[in-house]
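Structural overview for review
Given next are the chains, with one letter for each unit.
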Amino acid sequence: MLLETRALTLRRGARDLLRDFDWTIRAGERWVIVGPNGVGKSTLLAALANDRAEGPGAIAEGRVVRAPGVWIAWVGQQESDAAPDGETTLLDLARATCGPILELGSEVDRRGAALGASPSAAELEAYGAWQAAFAARGGYGVDARLAEALERLGLGGDAGARRVAVASGGERRRARLAGALVSGADVLVLDEPTNHL
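Residues numbered from 1 in each chain as written. Predicted model: local features only at pLDDT ≥ 70, side-chain atom pairs only at ≥ 80, totals over all residues. Heavy atoms only, no water.

1. Topic: the overall build of the protein
In plain terms, the rule: Think of it this way: any DSSP run of H or I at least four residues long counts as a helix, any run of E at least two long counts as a strand, and we number them from the N terminus. Burial classes follow relative accessibility: with a 1.4 Å probe on protein chains only, a residue under 20% of its type's maximum area counts as buried, one over 50% as exposed, and anything between as partly exposed. Only heavy atoms enter the contact rule, under which two residues are in contact if any of them lie within 4.5 Å. Residue exposure ignores everything except the shown protein chains as possible cover, and the areas themselves are Shrake-Rupley values with a 1.4 Å probe.
Scanning the protein for helices and strands turns up six helices and five strands. Each helix (α) and strand (β) of the protein, taken in turn from the N terminus, gives the series β-β-α-β-β-α-α-α-α-α-β. Looking at the protein as a whole, 40% of its 197 residues are labelled buried. For the protein, long-range pairs separated by at least 24 residues make up 66% of all intrachain contacts whose partners lie at least 6 apart in sequence. About 10,500 Å² of surface is accessible on the protein, with carbon and sulfur atoms providing 52% of the total.

This is how it looks when you write it as structure tokens:
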């Protein structure tokens, strides 16, 4: 089990979108949620991704449970419309969507800098474990994979210079999708991934 819901009830106002919903997502599975507008698809996906900012519903009862150490990459439906500051590039946007892998890399760097001139065997072993975790998630190749993903999604070459403020919604969406694809995540949650493309 990577992710599951337990007796999950999602409610918008007085209306139940889901009631006592149990669902388990296992490694290797692919799921698609289909339904008319307004039935709570985005709200459910936001709950799975642990992002309360997306979707107008709230978890009224029950819970969403992640297996220990599970990473989720989330590309929400409305994110393409949010234009960051004028300095943010498409490459920055893609890197931001990589999330946990970059945070893990920063932690590896921080711990390496803190080792000092004569670290103990235990400190070196702990640091080695952090490096191994980063390597296992593909962290050392993330920039090359991100450049390749941006290229494959039609955003190569100028993604590092092209400002998000002047990019189309589709270009923003593709940048976020590139980041999610190379993030090292165990679960990809994509809310209407082909919108604006």
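2. What to know about the side chain of Ser42
Tracing the chain through its elements places Ser42 in helix α1 (residues 41-49). Among the residues examined, Ser42 registers a relative accessible area of 18% and is labelled buried. Ignoring anything within four residues of it in the chain, the contact list for Ser42 reads Trp74, Gln77 and Asp191.

3. Quick look at unusual backbone geometry
The phi dihedral of Ala7 falls on the positive side, at around 50°, and the residue is not glycine. For Ala7, a relative accessible area of 34% corresponds to the partly exposed category. Of note in the backbone geometry, Asp20 takes a positive phi value of approximately 50° without being a glycine. Within the secondary structure, Asp20 sits in strand β2 (residues 15-25). Take Asp20: its relative accessible area is 47%, and that puts it in the partly exposed class.

4. What about the packing of helix α2 (residues 90-98) against helix α5 (residues 142-152)?
Between two packed helices, the angle of one axis relative to the other and the distance separating the axes together describe the packing. Operational definition: The axes are straight lines fitted to the C-alpha atoms, using for helices just the contacting stretch, and the angles between their N-to-C directions are given from 0 to 180°. What sets the label is the angle itself: under 35 degrees gives roughly parallel, over 145 gives roughly antiparallel, 65 to 115 gives roughly perpendicular, and the rest give oblique. It is the rotation of the near helix from the far one that decides the hand of a crossing: anticlockwise by less than a right angle makes it left-handed, clockwise makes it right-handed. For this classification, the nonpolar set comprises Ala, Val, Leu, Ile, Met, Phe, Trp, Tyr, Cys and Pro, the charged set comprises Asp, Glu, Lys and Arg, and every other residue, Gly included, is treated as polar.
Between α2 and α5, whose axes approach to 11 Å, the crossing angle comes to 125°. When the axes of α2 and α5 are compared, the pair comes out oblique. For the pair α2 and α5, the sense of crossing is right-handed. From α2, Leu91, Ala94, Arg95 and Cys98 reach across to α5, where they touch Val142, Asp143, Leu146 and Leu150. Across the contact of α2 with α5, the residue classes tally to six nonpolar, no polar and two charged.

5. With respect to the packing of α5 against helix α6 (residues 169-181)
One way to put it is that α5 packs onto α6 with a least axis distance of 9 Å and a crossing angle of 140°. When the axis of α5 is compared with that of α6, the two are oblique. At the point where α5 passes α6, the crossing takes the right-handed sense. Along the contact surface, α5 presents Leu146, Ala149 and Leu150, while α6 presents Ala175, Ala178 and Gly179.

6. What about the environment of Phe134?
Position of Phe134 relative to the elements: it lies in helix α4 (residues 121-136). Here Phe134 falls in the buried class, since its relative accessible area comes to 9%. When the C-alpha positions of Phe134 and Glu107 are compared, they lie 9.4 Å apart, and in sequence the two are 27 residues distant. Dropping the residues within four chain positions of it, Phe134 is found in contact with Ile101, Leu104, Gly105, Val108, Gly139 and Tyr140.

7. Some remarks on the layout of surface pockets
A water-sized probe rolled over the atoms picks out the places where empty space is left. To be explicit about the condition: Space inside and on the surface of the protein is sampled on a 1 Å grid over the protein atoms alone, with a cavity defined as a set of points where a 1.4 Å probe fits but cannot get out and a pocket as an open set with protein on both sides within 12 Å along at least 5 of 7 lines; lining residues have an atom within 4 Å of a point. Grid points are joined across faces, edges and corners, and a volume is the space filled by probe spheres set on the points.
If you add up the space inside the largest pocket, you get close to 610 Å³. Going through the elements one at a time, β2, α1 and β5 (187-190) are the ones with two or more residues in the lining of the largest pocket. If one sorts the elements of the lining of the largest pocket by residue count, β5 sits on top with four residues. When grouped by side-chain class, the residues that make up the lining of the largest pocket number 15 nonpolar, one polar and seven charged.

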